[in-house]
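Observations on the model geometry
Listed here are the chains, written in short residue letters.
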Amino acid sequence: MNKNETVLKLSHQGIIAVVRGKTMEDGVKIADACIAGGVKAIELAFTTPHAPEAITTLVEKYKDDADVIIGAGTVLDTTSARLAILAGAQFIVSPAFDKDVVEMCNLYRVVSCPGVMDPTGVVAALKAGADIVKIFPGDIVGTKMIKDVHGPLPQAPLMPSGGVSVENTAEWLHAGAVAVSAGSSLSGPAKKGDYAGVTENAKAFVKAVAAARA
């Protein structure tokens, strides 16, 4: 899959699961549960122990499912980015903008999604070559941020992260987000070992995206 195809698939799916496992095995199980529920874009956070190994495990497990896209999240530096890319990550997500990380992603033709909080950050990320700009924390800036940024920057592909829920998914998408990124509101049940609950949450998010786009 090339870079452009990855961007299109992320936009088409509309929902990315942020997976933070307590262990590598927990992270893989959460990802499995999300995929079983139809959320097939997985952002495996580098806060998960042995994250590169978890990414490789998922990439290998789902290599025959063309809809599954495995990426890495909480990537703070070029070392982590390179490890993620070597592990097979198809997209890289960061909580903040780091030009060197974006440039490394561009070098290896991997999708980059740096996090920013204001228009200055959006412009800097786009100038560096970011593919999707993460608006973070979404629960602080709110959905109006998307509409306001799209006034002067209608070309900016924006994705909120933080505070995204089933209930407000439509609001974000209607505001102009290309996709939404969900963490605890999706994977929360896994904290109690309830992976089936994660799958049910995933199904609810998929339905919310479909309804918003209908």
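This text goes with the structure placed above it.
Heads up: these notes are all about the structure in this document. Note that the structure is a prediction, hence the values are computed from the model and not measured. (Residues numbered from 1 in each chain as written. Predicted model: local features only at pLDDT ≥ 70, side-chain atom pairs only at ≥ 80, totals over all residues. Heavy atoms only, no water.)

What follows deals with the nonpolar core. By size, the foremost hydrophobic cluster in this structure holds 58 residues, and its most contacted members are I42, I55, I92 and V122. Counting residues per element, this core draws most heavily on helix 2 (residues 24-36), which supplies 7 residues. Residues in contact with V122, not counting those within four places in the same chain, are V116, V133, I135, V149, L153, A156 and L158. Within the second largest apolar cluster, 12 residues are counted, among which are V7, I69, I132 and A179. (Core = buried A, V, L, I, M, F, W, Y, C linked by side-chain atoms within 4.5 Å. Buried < 20%, exposed > 50% of the residue type's maximum accessible area, 1.4 Å probe, protein only. Helix = DSSP H or I, 4+ residues; strand = E, 2+ residues; numbered from the N terminus. Contact = heavy atoms within 4.5 Å.)

What follows deals with helix 1 (residues 3-13). Note: α-helices contain 3.6 residues per turn, so residues at a spacing of three or four share the same orientation. Along helix 1, the residues that are buried comprise K3, T6, V7, L10 and Q13. Along the axis of helix 1, the buried positions cluster into a sector of 140°, meaning they face one direction only. Pointing more than 90 degrees away from the buried face of helix 1 are the exposed residues N4, L8 and H12. With a side-chain oxygen positioned 3.1 Å from the backbone nitrogen of N4, the residue opening helix 1 is N2. (Arc of directions from axis to C-beta. Polar contact = N/O pair within 3.5 Å; in protein donor to acceptor, adjacent residues only side chain to side chain.)

Turning next to the side chain of D32. Note on placement: D32 falls in helix 2. Separated by 3.0 Å, the side chains of D32 and K61 make a polar contact. Once residues within four sequence positions are removed from consideration, D32 is found in contact with L58, K61 and Y62.

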